[in-house]
Amino acid sequence: MLFLFIFEENLKPIFMQSNVQKQFLLDTRYLRMAKIWAENSYCERKKVGAILVNGKMIISDGYNGTPSGFENKCEDENNVTKTYVLHAEANAITKVAKSNNSSEGATLYVTASPCIECAKLIIQAGIKRVVYSEDYRIADGLDLLIKANIEITHISL
């Protein structure tokens, strides 16, 4: 932790947080919000949430689930995830695409690291930073984001 102490005229120390510490606190808060948002998912095997932030303003959100108009059941009778289930990142990105907001330069907070398909969407959406809390079972999404020079931060909650 980086701390800076500044003294007022009467020599009382004023506690100042560094920019790095402030960003870490913000990142942690937004990740906790994504985790809470994941509770909206009807998926049984894994609930994932995403929050898209640009300029300290939440511009979109998403959680994993079926497309609009489909039944809210993510798994089949064998408890296998249905192929058409959308990931939280995809839902957040498509939601912002339908709004007047721009994801250019935004930060995506997601509870699980992106898969390869979501990584492609992240790159195309102009998102410059991804903060996640859990590793997805396959790391190829993170590898692609690194190749695209997108900043990645892992914070365990």
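Residues numbered from 1 in each chain as written. Predicted model: local features only at pLDDT ≥ 70, side-chain atom pairs only at ≥ 80, totals over all residues. Heavy atoms only, no water.

1. Some points on the overall build of the chain
Okay, step 1: Helix and strand content of the chain: 4 helices and 7 strands.
Okay, step 2: When the helices and strands of the chain are placed in sequence order, the string is β-β-α-β-β-α-β-α-β-α-β.
Okay, step 3: The 157 residues of the chain split such that 39% are buried.
Okay, step 4: For the chain, contacts bridging at least 24 residues in sequence account for 48% of all contacts bridging at least 6.
Okay, step 5: Looking at the chain as shown, the accessible area adds up to about 9800 Å², and 54% of this sits on carbon and sulfur atoms. (Helix = DSSP H or I, 4+ residues; strand = E, 2+ residues; numbered from the N terminus. Buried < 20%, exposed > 50% of the residue type's maximum accessible area, 1.4 Å probe, protein only. Contact = heavy atoms within 4.5 Å. Areas by Shrake-Rupley, 256 points an atom, 1.4 Å probe, with all protein chains shown as cover.)

2. Here's the deal with the environment of Arg32
Okay, step 1: Assignment of secondary structure puts Arg32 in helix 1 (residues 19–38).
Okay, step 2: In this structure the C-alpha to C-alpha distance between Arg32 and Gly49, which are 17 residues apart in sequence, comes to 9.5 Å.

3. A short note on the packing of aromatic side chains
Okay, step 1: Across all of its chains, the model carries 3 aromatic pairs by this definition.
Okay, step 2: Ring geometry for Tyr30 versus Tyr109: centroids 5.0 Å apart, planes at 35 degrees, classification tilted. With Tyr30 in helix 1 and Tyr109 in strand 5 (residues 107–112), the pair connects residues that are 79 residues apart, well separated along the chain. The residues Tyr30 and Tyr109 share a single accessibility class, namely buried.
Okay, step 3: On the basis of an interplanar angle of 45 degrees and a centroid distance of 4.9 Å, the ring pair of Phe70 and Tyr84 is categorised as tilted. Note that Phe70 is positioned in the loop between strand 4 (57–63) and helix 2 (88–97) and Tyr84 in the loop between strand 4 and helix 2, a separation of 14 residues in sequence. (Phe/Tyr/Trp six-rings, centres within 6.5 Å; stacked < 30°, edge-to-face > 60°.)

4. Comments concerning unusual backbone geometry
Okay, step 1: In this structure, Lys56 is a non-glycine residue whose phi angle is positive, near 65 degrees.
Okay, step 2: Along the chain, the position of Lys56 falls in the loop between strand 3 (49–54) and strand 4.
Okay, step 3: Judged by its relative accessible area of 67%, Lys56 is exposed.
Okay, step 4: Its identity as a non-glycine residue notwithstanding, Asn149 has a phi of 60 degrees, on the positive side.
Okay, step 5: In this structure, Asn149 sits in the loop between helix 4 (140–147) and strand 7 (151–154).
Okay, step 6: You can call Asn149 exposed: its relative accessible area is 70%.

5. Examining the confidence of the model for the chain
Okay, step 1: Chain-level pLDDT for the chain is 91 on average; 89% of the residues reach the 70-or-more range.
Okay, step 2: Segment residues 1–8 is flagged for pLDDT under 50; beyond a separation of four residues in sequence, or across chains, it makes 18 contacts in the model. (pLDDT = per-residue confidence, 0-100.)

6. Structural notes on the side chain of Thr111
Okay, step 1: On the secondary structure map, Thr111 appears in strand 5.
Okay, step 2: Apart from residues lying up to four places away in sequence, Thr111 is in contact with Leu31, Ala34, Lys35, Lys47, Val48, Gly49, Ser133 and Glu134.

7. Some details on the pairing of strand 4
Okay, step 1: Of the strand pairs in this sheet, strand 3 and strand 4 are connected by 6 bridges, and their pairing is antiparallel. Paired with Gly49 across the bridge in strand 4 is Tyr63.
Okay, step 2: Linking strand 3 to strand 4, which pair antiparallel, is a turn of 2 residues; within it Gly55 sits at a positive phi near 60 degrees. (Pairing = 2+ DSSP bridges.)

8. A short note on the side chain of Thr28
Okay, step 1: Along the chain, Thr28 falls in helix 1.
Okay, step 2: Engagement of the side chain of Thr28 in a polar contact is seen with the backbone oxygen of Phe24, the distance being 2.8 Å.
Okay, step 3: In contact with Thr28, not counting residues within four places along its chain, are Ile155 and Leu157. (Polar contact = N/O pair within 3.5 Å; in protein donor to acceptor, adjacent residues only side chain to side chain.)

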